[in-house]
Amino acid sequence: MAKNSLISGSIWDEYSNQVVNRMNNPKHQGEITEEKAAELGAKLIVADFGAESCGDAVRLYWAVDENTDKILESKFKSFGCGTAIASSDVMAELCIGKTVDEAVKITNIDVEFALRDTPDVPAVPPQKMHCSVMAYDVIKKAAAEYKGVDMESFEEEQIVCECARVSLATLKEVIKINDLKTVEEITDYTKAGAFCKSCIKPGGHEAKDIYLVDILKDVRAEMEHNKLKTAADASAAGELTFDKMTLVQRIKTIDSVLDSDIRPMLVMDGGNMEIIDIKENLPHYDIYIRYLGSCSGCSSGSTGTLFAIESVLQQKIDENLRVLPI
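Since the structure is predicted, the reported quantities are computational estimates derived from the model, not experimental observations.

**Q** Can you help me understand the environment of Thr99 in this one?
**A** Mapped onto the elements of the fold, Thr99 is located in the loop between α4 (82–95) and α5 (100–103). Each C-alpha atom, one on Thr99 and one on Ile71, is 5.8 Å from the other, the two residues being 28 residues apart in sequence.

Shown next as structure tokens:
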């Protein structure tokens, strides 16, 4: 049966070729027997883990050289969707040749990245991103069985969503990599917040140290700061001149300089300012600003303060900038 007769072609277009190939022809599906492990001179490890986030389950087999702790062979069995099979296949492959301690560092982000055809295009649709989450836990389960310890002893990261077992580091990376803007998008990509919902915001049945709304706000602020800094650095280095920028880039570049050189002084006196508009009046660029707080009624706003603002912007961005208060 053709794939288009099962689901729409547009959905298939959201899967990487890597995912489709491993769905249909997984390279490491199967099991390692005691006999096979003995042939390799290795210890057999079998670990099971079920992902509450989607109802899937995976069994991981390792053949480990006890002299070097190196994983000589790795296979899996998966009870789940095609994406879970593809993710488990890559997860098993990433383990081969690593020591047990090295394998524990493999995350679901590593798995999803390994499934991408190109680095900047996700391997699967957002609603299937969570299918790689099991790798994070089943590897720890296998390592714990090999070392004879509790799997929680490998937990070095803060878990934000206990239901889907999603860590703080994973959430931050997923938000940055995929430019996520809403909590709903975070849930689509990771399944964090999809179940008991306590991790979304305060007020749930279980109090948390940090919530998805806070993480999203902080990461988006960091991303925006980095964008502004990059734009300002590029402008200062002559890589992107003011006349070549879009209106949004111009505002961001000016705001970045204001944040670093002007606003701290205004805030100290109980004031602030905002950019209202930028108009081309060649050869000049007129920046219309509005003073806020105590600055709005200060007489120096149209004299010394205005001159200082204009001088800094001309020096750091473009000598043709003029600042006009309204």
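**Q** What is the right way to look at the pairing of strand β2 (residues 56–65) in this model?
**A** Regular strands place their side chains on alternate faces of the sheet. Burial runs high along β2: eight of the ten residues are buried. In this antiparallel pair of consecutive strands, β2 and strand β3 (residues 70–79), the connection spans four residues, and Asp69 shows a positive phi of 65°.

**Q** How should the nonpolar core be read in this particular structure?
**A** Nonpolar side chains in soluble globular proteins tend to be buried together. Residues Val19, Trp62, Met91, Cys95, Val138 and Ile139 are the most contacted members of the largest nonpolar core, which totals 36 residues. Going through the elements one at a time, α2 (17–24), β1 (43–51), β2, β3, α4, α5 and α7 (134–147) are the ones with two or more residues in this core. Examining the composition of this core, we find that seven residues originate from one element, α7, more than from any other. Dropping the residues within four chain positions of it, Ile139 is found in contact with Leu60, Trp62, Met91, Cys95, Ala103, Val104 and Ile106.

**Q** Help me understand unusual backbone geometry, please; the structure alone is not making it clear to me.
**A** In terms of backbone geometry, most residues other than glycine have negative phi values and most peptide bonds are trans. Residues Leu282 and Pro283 are joined by a peptide bond in cis, for which omega reads 10°. Locating Pro283 in the fold gives a position in the loop between β6 (271–281) and β7 (284–293). Here Asp69, not a glycine, exhibits a phi torsion of approximately 65°, which is positive. Tracing the sequence through the fold places Asp69 in the loop between β2 and β3. Residues other than glycine seldom take positive phi values, yet Asp179 does so here, at roughly 55°. Structurally, Asp179 is set in the loop between α8 (168–178) and α9 (183–190). Assessed through its relative accessible area of 29%, Asp179 is described here as partly exposed.

**Q** Help me understand the environment of Leu168, please; the structure alone is not making it clear to me.
**A** Looking at the secondary structure, you find Leu168 in helix α8. The exposure class assigned to Leu168 is buried, which follows from its relative accessible area of 15%. Separated by 47 residues in sequence, Leu168 and Ile215 have C-alpha atoms that sit 8.1 Å apart. In contact with Leu168, not counting residues within four places along its chain, are Gln158, Val160, Ile210 and Ile215.

**Q** I would appreciate a short explanation of the packing of α8 against α9 in the present structure.
**A** Each pair of packed helices can be described by the angle between their axes along with the distance between the axes. α9 packs onto α8 with a crossing angle of 105° between their chain directions and a minimal axis gap of 11 Å. One way to sum up the angle between α8 and α9 is to call them roughly perpendicular. In this structure, α8 contributes Leu171, Val174, Ile175 and Asn178 to the contact, and α9 contributes Ile186, Tyr189 and Thr190. Classifying every residue of the contact of α8 with α9 gives five nonpolar, two polar and no charged.

**Q** Sorry, what's going on with the sheet that holds strand β8 (residues 321–325) here?
**A** Two strands in a sheet stick together by hydrogen bonds in their backbones, pointing the same way (parallel) or opposite ways (antiparallel). Sheet architecture is open: three strands sit in the order β6-β7-β8, paired in mixed fashion. Each having just a single partner strand, β6 and β8 make up the two edges of the open sheet. On average, adjacent strands in this sheet sit at an angle of 30° to one another, irrespective of strand direction. Pairing of β6 with β7 involves ten bridges; the strand directions are antiparallel. Paired with Asn281 across the bridge in β7 is His284.

**Q** How should I be thinking about the environment of Ile278 in this particular structure?
**A** Mapped onto the fold, Ile278 is located in strand β6. A relative accessible area of 9% places Ile278 in the buried class. Between the C-alpha atoms of Ile278 and Ile289, which are eleven residues apart in sequence, the distance is 9.0 Å. Excluding anything up to four places from it in sequence, Ile278 contacts Leu247, Arg250, Ile251, Ile254, Asp286 and Ile287.

**Q** Whenever I open this one, the side chain of Glu112 confuses me. Can you help?
**A** Within the fold, Glu112 resides in helix α6 (residues 108–114). At 3.0 Å, the side chain of Glu112 and the side chain of Arg116 are in polar contact.

**Q** When you look at the UniProt feature "binding site: Fe cation" (unreviewed entry) in the protein in this model, what are you seeing that I'm missing?
**A** In this structure's numbering, the residues bearing the UniProt feature "binding site: Fe cation" (unreviewed entry) are Cys54, Cys81 and Cys131. Among the structural elements, Cys81 can be located in the loop between β3 and α4. With relative accessibility at 24%, the residue Cys81 sits in the partly exposed group.

Here is what the cut-offs are and how they apply
- Residues numbered from 1 in each chain as written.
- Predicted model: local features only at pLDDT ≥ 70, side-chain atom pairs only at ≥ 80, totals over all residues.
- Heavy atoms only, no water.
- Helix = DSSP H or I, 4+ residues; strand = E, 2+ residues; numbered from the N terminus.
- Buried < 20%, exposed > 50% of the residue type's maximum accessible area, 1.4 Å probe, protein only.
- Pairing = 2+ DSSP bridges.
- Core = buried A, V, L, I, M, F, W, Y, C linked by side-chain atoms within 4.5 Å.
- Contact = heavy atoms within 4.5 Å.
- Axes fitted to C-alpha atoms, helices over the stretch in contact; angles between N-to-C directions.
- Parallel < 35°, antiparallel > 145°, perpendicular 65-115°, else oblique.
- Nonpolar A, V, L, I, M, F, W, Y, C, P; charged D, E, K, R; others polar.
- Polar contact = N/O pair within 3.5 Å; in protein donor to acceptor, adjacent residues only side chain to side chain.
- UniProt positions renumbered as here; feature names shortened; annotations may be inferred.

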